[in-house]
Amino acid sequence: IEDYREVVTDYNCFEALNIPKHHPARDMQDTYYLDNGQLLKTHTSAAQNTIMKSTVHRCVPSSGSLFRNESTDASHENTFFQMEGIMIDKDISISNLIYFMKTMLSKVFKQDVQFAAPGFFPFVEPGFELDISCHICGGKGCSTCHGSGWIELCPCGMIHPNVLRAGGIDPDEYTGFAFGLGLTRLADAHGIKDIRDLNSGNLKVLSQFNHE
């Protein structure tokens, strides 16, 4: 388990993930840059390069808080939490990815999950967005799911060869998959309609769970 730092380099957060400087894919994440050239971690994938260089056969999770300078709504916050997972070995295929993701999320939500249309993420190819029917509205459409009836939980895909190379791994010999699970959005499963409540300091929100 990799407990990665919150302040990271531009290289680890972007360049090592197949997102070079001035690439338009950087516009997907409104980043907090610091005066020293470093930045607040925008995704847990920033740990991938470090993880790849640490062991030979890899099935490694990492987690932590993330920061993005973006507008907030019922399903978006400027500070939130994710768990990242990568598996790298010989003969890892997309079938391994699908089995792992559907098994994990079906155990968490006690229901089947759906693969949505392929999604674009520069560090994976092909990429997917794993969605689940909105717990709040039952799939009818609400503010939490932006009227779609679905909540995006888990971007995932097969690790891009350029990312493997940056981590010192030969993509002709090894393959792997990666996923990022939004832990904050998992709160929807407990009936929290607006994830902004989690950072609000409102004790009434926490009192419903009987935690002391």
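See the structure shown above.
Keep in mind it's a predicted model, so treat the numbers as computed, not measured. (Residues numbered from 1 in each chain as written. Predicted model: local features only at pLDDT ≥ 70, side-chain atom pairs only at ≥ 80, totals over all residues. Heavy atoms only, no water.)

K.L.:
So what's going on with helix H3 (residues 94–109)? Residues and values would help.
P.N.:
Think of an α-helix as turning once every 3.6 residues; residues three or four places apart then point the same way. In a regular helix each residue adds 1.5 Å, so 16 residues correspond to 22 Å; H3 covers 22 Å between its end C-alpha atoms and thus fits that length. Turning to H3, its buried residues are Leu97, Met101, Met104, Leu105 and Phe109. Across the axial projection of H3, the buried residues extend over an arc of 115 degrees, all falling on one side. Seen from the buried face of H3, the exposed residues on the opposite side, beyond 90 degrees, are Ser95, Tyr99 and Lys107. Elements in contact with the buried residues of H3: strand E5 (79–89), strand E7 (124–133), strand E8 (150–159) and strand E9 (175–182). Directly after H3, the chain includes lysine 110, whose backbone phi takes a positive value near 60 degrees. (Helix = DSSP H or I, 4+ residues; strand = E, 2+ residues; numbered from the N terminus. Expected span 1.5 Å × (residues − 1). Buried < 20%, exposed > 50% of the residue type's maximum accessible area, 1.4 Å probe, protein only. Arc of directions from axis to C-beta. Contact = heavy atoms within 4.5 Å.)

K.L.:
I'd like a description of the pattern of salt bridges, backed by residues and values.
P.N.:
Within this structure, the stated rule accounts for 5 salt bridges. Of the charged contacts, one joins lysine 21 and glutamate 15 as a salt bridge, the two residues approaching to 3.6 Å between their closest N and O atoms. Relative accessible area serves as the criterion here: at 33%, glutamate 15 is assigned to the partly exposed category. Between lysine 90 and glutamate 173 there is a salt bridge, with its nearest N and O atoms 3.3 Å apart. Residue lysine 90 is found in the loop between E5 and H3, and its partner glutamate 173 is found in the loop between helix H4 (161–166) and E9; the two are separated by 83 residues along the sequence. (Salt bridge = Lys/Arg side-chain N within 4 Å of Asp/Glu carboxyl O.)

K.L.:
With reference to specific residues and values, describe the nonpolar core.
P.N.:
If you look at the biggest cluster of nonpolar residues, it comprises 24 residues, and the most contacted ones within it are Met52, Ile86, Ile88, Phe123 and Ile159. For this core, the elements supplying multiple residues, two or more each, are helix H2 (48–52), E5 and H4. What isoleucine 159 contacts, discounting residues up to four positions off in sequence, is Met52, Ile86, Ile88, Phe123, Val124, Leu164, Gly176, Phe177 and Ala178. Core analysis: the second largest hydrophobic core is formed by 22 residues, Leu105, Phe109, Cys142 and Phe177 among them. (Core = buried A, V, L, I, M, F, W, Y, C linked by side-chain atoms within 4.5 Å.)

These figures come from the coordinates and say nothing about function on their own.
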